[in-house]
Amino acid sequence: MFNWPGQSKSSPSSENQTAKALTTEEQTEQLWQAVYEARAAAYTSQFGPLPADILKMMNLSGVWPGGGLYQLAAPQLSATAWLSSSFGLSNPDMPTTVISEEVSSEHDHLGRPTRTTTRLLSKDNMATYPGRPGYGYEFMVLTQGQEEWPLWLLQWAVNSEIQQDVDFLGRVDQYQGMTVEDIYVGGEQMVNILITRARAPLPATISLPNGEMSLLVATTITDDEMIWSKTNGRNALMNLLQKSGVGQFSAPDRPSVIHPQGVDYASIKNREQAEALAEQGLLRRGYLFPLQFGGEETAFNIAYMPRQGYMRKLFADKQINELVQQGQIQNYQAHPEYLGDSFIPKRIRIQATGDANLNFDIDMY
């Protein structure tokens, strides 16, 4: 974080004299500090006290020097509420004039970045948003209790905005919300999200010295909710989430508000039933023998899986593929096991052998 000079009160005449004496750089610094303090005060009053340290994104250290991510308890919303939020997309030095290009990176055993080397490049076509404070918004996720996965989601969102100029705010306003499928959020987890403007009890906007800042909220949604929103609209889905009590809080594994009773997978007896459920987003189509390993796009290679089972197999195949690329795996076998006469696998056993060996027993439901 920048160590910006403090401000002091003075008479109007002395303020005018001081303004004349200040350089453009000093005036910019004072505006930056005033925006930061106003946003911090609003977060504290609307949500809860900000933590002492802001979480920096290493790959944006030279691109977003005054910005970062906050996670904080939000007692103003509820006793168990936590807020994960960008903090600096509405800075007066945004949109950025440069982007970072990764030269090299290192990760720990969980896939988290531990060291990143980047270089800065000038943007060919810099985005401009007249009338907005910076990009015009801050991006946030609400959870019941503190969780790590929202930080992965925020990193994806901030990188998309700063590096690629996706203009989340403009898209949300144009399409009355925005949905995105399968965003990686660490470990073996991916989420679908619905991005909307903040709704009560959240404030819709916050007044800053450089303009009116909007709040965008990402809410996790199920596969069938996403498909339902394509026909009925994103606003309608948000209304349904609010009516059901979910609101704009995220819980990746919560039941669907469209099909709250879920699906009895053991009762699915044939491909036609499974395909109908896949069309509704209640099952996912996967491949027993992955296409990247030479599997064929045939009905006999397609397995219909619940989302969580599908994800487990996806990440198992990813681990195997890393060894395939290294030449350590030469054979792959997938054995589905069924409960009674159900068409949906209860479990898929995977054996990958060669110079290295990997075995997975993946429960589908």
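For every chain, the first residue of the written sequence is number 1, and numbering continues from 1 onward in sequence order. Only residues with pLDDT of 70 or above have their local features reported here, since the model is predicted, and side-chain atom pairs are shown and tallied only from 80 upward, although totals for entire chains, interfaces and linings are computed over all residues. For side-chain calculations, the full set of non-hydrogen atoms in the structure is used, while hydrogens and water are omitted.

A. Structural detail: the overall build of the chain. Helix and strand assignments come from DSSP, with helices taken as H or I runs of at least 4 residues and strands as E runs of at least 2, each series counted from the N terminus. For the chain, the helix and strand inventory stands at 8 helices and 14 strands. With respect to the three principal axes, the spread of C-alpha positions in the chain is 85 × 50 × 35 Å. Remark: exposure states derive from per-residue accessible area (1.4 Å probe, protein chains only) relative to the maximum for the residue type, with buried under 20%, exposed over 50%, and partly exposed in between. Counting the 365 residues in the chain, one finds 45% classified as buried. Contacts spanning at least 24 positions in sequence make up 62% of the contacts within the chain whose residues lie at least 6 apart. Each accessible area value is a Shrake-Rupley result obtained with a 1.4 Å probe; residue values ignore everything except the protein chains displayed when judging cover. Taken as a whole, the chain presents about 18,200 Å² of accessible surface, with 49% of it coming from carbon and sulfur. For this count, His and the chain ends are skipped, Lys and Arg are scored as positive, and Asp and Glu as negative. Charge placement uses NZ in Lys and CZ in Arg. For Asp and Glu, CG and CD serve respectively. Each charge class in the chain can be summarised by its mean position, and for the 27 positive and 40 negative side chains these summaries are 4 Å apart. In what follows, a contact means two residues having at least one pair of non-hydrogen atoms within 4.5 Å.

B. Examining the pairing of strand β1 (residues 68–73) more closely. Across the 6 residues that make up β1, a large majority, 5, are buried. Note on pairing: DSSP must find at least two bridges between two strands before they are called paired. Across 6 bridges, β1 lies against strand β2 (residues 81–87) in antiparallel orientation. Counterpart to L69 in the pairing with β2 is S86.

C. Representation of the packing of helix α5 (residues 223–232) against helix α6 (residues 234–244). Axis definition: a line fitted to C-alpha atoms, over the contacting stretch in the case of helices. Angles run 0 to 180 degrees between N-to-C directions. Their axes nearest at 7 Å, the elements α5 and α6 cross at an angle of 130°. Considering the angle they form, α5 stands oblique to α6. Here α5 contributes E225, W228, S229 and N232 to the contact with α6, which in turn contributes R234, A236, L237, L240 and L241. Taken together, the residues that form the contact of α5 with α6 break down as 5 nonpolar, 2 polar and 2 charged. Should an angle fall under 35 degrees it is taken as roughly parallel, and over 145 as roughly antiparallel, whereas 65 to 115 is taken as roughly perpendicular and any remaining angle as oblique. Under the scheme applied here, ten amino acids are nonpolar (Ala, Val, Leu, Ile, Met, Phe, Trp, Tyr, Cys and Pro), four are charged (Asp, Glu, Lys and Arg), and all others, including Gly, are polar.

D. Summary view of the sheet that holds strand β13 (residues 345–354). If you walk across this open sheet you meet the 3 strands as β12-β13-β14, and the pairing is antiparallel. Since the sheet does not close on itself, it has two edges, and those belong to β12 (329–338) and β14 (358–363), each with one partner. Averaged over all adjacent pairs, the angle separating strand axes in this sheet is 10°, with direction ignored. Bridge count for β12 against β13 is 9 bridges, and the pairing is antiparallel. Bridged to N331 within β13 is T353. Running over the sheet, helix α8 (residues 307–325) touches β12, β13 and β14 and is turned about 170° from β14.

E. Quick peek at the nonpolar core. Definition of nonpolar core: a set of buried residues of the types Ala, Val, Leu, Ile, Met, Phe, Trp, Tyr and Cys, connected through side-chain atoms within 4.5 Å. Counting residues in each nonpolar core, the largest one holds 35 residues, and the members touching the most others are W64, F139, F168 and I195. Those elements giving two or more residues to this core turn out to be β5 (137–144), α3 (149–164), α4 (168–175), β6 (178–184), β7 (190–197) and β9 (211–221). Element by element, the count of residues in this core is highest for α3, at 8 residues. The contacts of F139, once residues within four sequence positions are left out, are S84, S85, S86, L89, L154, A157, F168, I195, L216 and A218. Of all hydrophobic cores here, the second largest spans 24 residues; its members include W32, A42, Y70 and V217.

F. Just helix α2 (residues 24–46), in detail. A helix's residues, less one, multiplied by 1.5 Å, set its expected span. For α2, built from 23 residues, the straight-helix expectation of 33 Å at 1.5 Å per residue is met to within 8% by its first-to-last C-alpha distance of 33 Å. Looking only at α2, the buried set comprises W32, Q33, A34, V35, Y36, R39, A40, A42 and Y43. Contacts from the buried residues of α2 go to β1, β2, β5, β8 (205–208) and β9.

G. Main features of the environment of Q164. If you trace the backbone, Q164 turns up in helix α3. Judged by relative accessible area, which is 57%, Q164 ranks as exposed.

H. Molecular detail of the pattern of salt bridges. A side-chain nitrogen of Lys or Arg and a carboxyl oxygen of Asp or Glu constitute a salt bridge if their distance falls within 4 Å. As enumerated under the stated definition, the model contains 17 salt bridges in all. Among the ionic pairs, D363 bridges to R347, the shortest N-O distance being 2.8 Å. Placement of the pair is D363 in strand β14 and R347 in strand β13, with a sequence separation of 16 residues. Sharing partners across several salt bridges, the network here consists of E181, D182, D223, R284 and R307.

I. Region of interest: unusual backbone geometry. The peptide bond linking M94 to P95 adopts the cis configuration, its omega dihedral lying at -5°. In this fold, P95 is placed in the loop between β2 and β3 (98–107). Backbone torsion omega between A200 and P201 reads 10°, so that peptide bond is classified as cis. Mapped onto the secondary structure, P201 falls in the loop between β7 and β8.

J. Quick peek at the packing of aromatic side chains. Here a Phe, Tyr or Trp ring, Trp counted by its six-membered ring, pairs with any other such ring whose centre lies within 6.5 Å, and the pair is stacked when the planes are under 30 degrees apart, edge-to-face when over 60, and tilted otherwise. The full count for this structure, using the stated rule, is 14 aromatic pairs. Ring centres of W32 and Y36 lie 5.6 Å apart, and the angle between their planes is 10°; this geometry places the pair in the stacked category. Pair noted here: W32 and Y36 are both in helix α2, with a separation of 4 residues, about one helical turn. Taken together, the ring pairs connect W32, Y36, Y43, F47, Y70 and F87 into an aromatic cluster.

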